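Architecture and fold: a report
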Amino acid sequence: MKTIKRNKDLISGETDLEELFRIKDFPAYVSVVDEGPENDIQHDLIFDISRTTGMIQIRELMPLDLVYKGFHSEALGKTWIRHHNSFIEFVNKFKPSAVLEVGGSSGYLGNKYLEINKDFRWTILDIIPKKGDNNPNLEFIEGEFGY
C-alpha cells in the first residue's frame, strides 16, 4: 500500500519534525465494515511536531480511497458528545466571525454552535459530507484540503 510521507512542516517547510506520539497498528478505516477483522488494514499512526512552528501533523497519510471508503460519524457516545460540547464552548470564547471546519462530517459541531449563535456562518469541507436536516447557516462543500 502506498502512503504519502511528510518530511517537512506543512506551514514553514522546515524539516525539523520530531516524533511526538505513535499509535501502533491503527486501523486505516475507522467504521463498521462487512468484512471480518482479518481483512482490516492497519498502519502506525505517527504524529510529528515541528520544532519551529509547533505544528502537529500526521507523518504518513493513508490512501484517501481507503480512509474514506464510506461515511462514518465521529459524534457517537457520551465521551464524544462531552468533547464536542467542550470544544463548542472553547470556540465561542473567541467569538469568530465565521468558521471553516475541515473534515466536519455530519455537521454535528456546526449545528451545536448554531444553536447558540443563530446568525453565524459555519462551513464544512469534507470528502464525504453527510448533508442532512441541518441549519441553513451550515454550508457543506465536498472536497479535500491540503492532502
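Below you will find a few notes about this structure. Bear in mind that the values here come from a model prediction, so they are computed numbers and not experimental data. (Residues numbered from 1 in each chain as written. Predicted model: local features only at pLDDT ≥ 70, side-chain atom pairs only at ≥ 80, totals over all residues. Heavy atoms only, no water.)

Structural notes on the overall build of the protein chain
Assigned secondary structure in the protein chain consists of three helices and eight strands. Walking the protein chain from its N terminus toward its C terminus, one meets helices and strands in the order β-β-β-β-β-α-α-β-α-β-β. Principal-axis analysis of the C-alpha atoms places the extent of the protein chain at approximately 45 × 45 × 30 Å. For the protein chain, restricting intrachain contacts to residue pairs at least 6 apart in sequence, the fraction spanning at least 24 positions comes to 51%. Summed over all atoms, the accessible surface of the protein chain reaches about 9,900 Å², with 54% contributed by carbon and sulfur. Distance from the positive charge centre (18 side chains) to the negative charge centre (24 side chains) of the protein chain: 4 Å. (Helix = DSSP H or I, 4+ residues; strand = E, 2+ residues; numbered from the N terminus. Contact = heavy atoms within 4.5 Å. Areas by Shrake-Rupley, 256 points an atom, 1.4 Å probe, with all protein chains shown as cover. Lys, Arg positive; Asp, Glu negative; His and termini not counted. Charge placed at Lys NZ, Arg CZ, Asp CG, Glu CD.)

Overview of the side chain of Glu 60
Secondary-structure assignment places Glu 60 in strand E5 (residues 60-61). Buried charge without a partner: Glu 60 forms no salt bridge, and the closest opposite charge is Lys 5, 4.3 Å away. Within the local environment of Glu 60, its side chain forms a polar contact with the side chain of Thr 3, the two groups lying 2.8 Å apart. Here His 43 takes part through its side chain, which lies 3.3 Å from a polar atom of the side chain of Glu 60. Every residue in contact with Glu 60, bar those within four places of it in the chain, is listed here: Thr 3, Ile 4, Lys 5 and His 43. (Buried < 20%, exposed > 50% of the residue type's maximum accessible area, 1.4 Å probe, protein only. Salt bridge = Lys/Arg side-chain N within 4 Å of Asp/Glu carboxyl O. Polar contact = N/O pair within 3.5 Å; in protein donor to acceptor, adjacent residues only side chain to side chain.)

Details of the sheet that holds strand E3 (residues 42-50)
Ordered by their spatial adjacency, three strands build an open sheet running E2-E3-E4, and the pairing between neighbours is antiparallel. Among the strands making up the open sheet, the edge pair consists of strand E2 (17-27) and strand E4 (56-58). Here the average twist between neighbouring strands, direction ignored, is 20°. (Pairing = 2+ DSSP bridges. Axes fitted to C-alpha atoms, helices over the stretch in contact; angles between N-to-C directions.)

Some words on the nonpolar core
Among the nonpolar cores identified, the biggest contains eleven residues, and these are Ile 88, Val 91, Val 99, Leu 109, Tyr 113, Leu 114, Phe 120, Trp 122, Ile 124, Leu 138 and Phe 140. Elements represented by at least two residues in this core include exactly helix H2 (78-94), helix H3 (108-116), strand E7 (122-126) and strand E8 (138-142). Per element, the largest residue contribution to this core is three residues, and it comes from H3. Residues contacting Tyr 113, with those up to four places away along its chain left out, are Ile 88, Val 91, Asn 92, Pro 96, Phe 120 and Trp 122. (Core = buried A, V, L, I, M, F, W, Y, C linked by side-chain atoms within 4.5 Å.)

Overview of the packing of H2 against H3
Running from amino to carboxyl end, H2 crosses H3 at an angle of 50°, the nearest separation of the two axes being 10 Å. Classified by the angle between their axes, H2 and H3 sit oblique to one another. Between H2 and H3 lies a crossing whose hand is right-handed. Taken together, the residues of H3 that come into contact with H2 (itself represented by Ile 81, His 84, Asn 85, Phe 87, Ile 88, Val 91 and Asn 92) are Tyr 108, Leu 109, Lys 112, Tyr 113 and Ile 116. Across the contact of H2 with H3, the residue classes tally to eight nonpolar, three polar and one charged. (Parallel < 35°, antiparallel > 145°, perpendicular 65-115°, else oblique. Left-handed = near helix turned anticlockwise from the far one by under 90°. Nonpolar A, V, L, I, M, F, W, Y, C, P; charged D, E, K, R; others polar.)

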